[in-house]
Amino acid sequence: NAGVTQTPKFQVLKTGQSMTLQCAQDMNHEYMSWYRQDPGMGLRLIHYSVGAGITDQGEVPNGYNVSRSTTEDFPLRLLSAAPSQTSVYFCASSYGGLSSPLHFGNGTRLTVT
Amino acid sequence: AQSVSQHNHHVILSEAASLELGCNYSYGGTVNLFWYVQYPGQHLQLLLKYFSGDPLVKGIKGFEAEFIKSKFSFNLRKPSVQWSDTAEYFCAVIILTGGGNKLTFGTGTQLKVEL
């Protein structure tokens, strides 16, 4: 199994540009989520989804949109990139919601100049 | 709001030393507790978890953690660390009542094990 696949691995954007970070899982997990990891701040939840067609905001949702049209995919959209969004982004999924361990992707390192 | 505190931000140990990393959370209800590890250049992986039952849980690679409800703590321990344990360690907590489907991570502890 591929597990959780994130693309791209690295991305550089200019302020104001938009882009989509892709996340796909092949484990038939209902729960998917996006985190950003910043030095000294750990992982902070951006958005999450408990199933296809259902999404909700996490701790730091501003500037990001998500959708969940299928069980497998959970893309994260940056609407108008800002330097404050420079971070490492992780997608994670689990089988039984949060009571099950999360499976993480390898991350996307985003730099906004 | 729930919070998770990891008081040790950076820890440096020599090989064979004992390890204890602190984790405290701020919620008095029922919780699920996790420790995740991130080795250099890799994604996070689950080390161990506590849901209920024996408060002393054992994980992979010789790690264990003890849930002390009265102290709101879930400290991670290893009797003898190895160089390969160099990594960042994250404590995480889920509130099971009224908290919604959200997992809160601590800020992480960078562990460096020297030869």
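Let me begin by describing the structure that accompanies this report. (Residues numbered from 1 in each chain as written. Chains lettered and ligands numbered in written order. Predicted model: local features only at pLDDT ≥ 70, side-chain atom pairs only at ≥ 80, totals over all residues. Heavy atoms only, no water.)

1. Some details on the overall build of chain A
A count of helices and strands for chain A gives zero helices and eleven strands. Computed over its C-alpha atoms, the radius of gyration of chain A comes to 13 Å, within 12% of the 13 Å expected for a compact globule of 113 residues. Taking the principal axes of the C-alpha coordinates as reference, chain A spans close to 40 × 30 × 25 Å. Looking at chain A residue by residue over its 113 residues, the buried ones come to 50%. A separation threshold of at least 6 residues defines the contact pool for chain A, and within that pool the share at least 24 residues apart is 53%. When the 7 positive and 7 negative side-chain charges of chain A are each reduced to one mean point, those points stand 13 Å apart. (Helix = DSSP H or I, 4+ residues; strand = E, 2+ residues; numbered from the N terminus. Rg over C-alpha atoms; globule rule 2.2 N^0.38 Å. Buried < 20%, exposed > 50% of the residue type's maximum accessible area, 1.4 Å probe, protein only. Contact = heavy atoms within 4.5 Å. Lys, Arg positive; Asp, Glu negative; His and termini not counted. Charge placed at Lys NZ, Arg CZ, Asp CG, Glu CD.)

2. Structural notes on the interface of chain A and chain B
How big an interface is tends to be stated in terms of the accessible area lost upon association of its parts. Taken together, the contact between chain A and chain B spans 19 residues of the former and 19 residues of the latter. Interface area, chain A with chain B, both sides summed: about 1,600 Å², of which 63% is carbon and sulfur. Of all residues in chain A, the largest losses of buried area upon contact with chain B belong to A:Leu43, A:Leu98 and A:Phe104, amounting jointly to 34% of the total for that side. On the surface where chain A and chain B come into contact, there are zero salt bridges. (Buried area = accessible area lost by both parts, 1.4 Å probe. Salt bridge = Lys/Arg side-chain N within 4 Å of Asp/Glu carboxyl O.)

3. Concerning the side chain of B:Glu88
Tracing the chain through its elements places B:Glu88 in strand β10 (residues 87–95). Among buried charged residues, B:Glu88 stands out as having no salt bridge; its nearest opposite-charge side chain is A:Arg109, 9.5 Å away. Separated by 3.3 Å, the side chains of B:Glu88 and B:Gln110 make a polar contact. Apart from residues lying up to four places away in sequence, B:Glu88 is in contact with A:Gln37, B:Tyr36, B:Val37, B:Gln38, B:Thr107, B:Gly108, B:Thr109 and B:Gln110. (Polar contact = N/O pair within 3.5 Å; in protein donor to acceptor, adjacent residues only side chain to side chain.)

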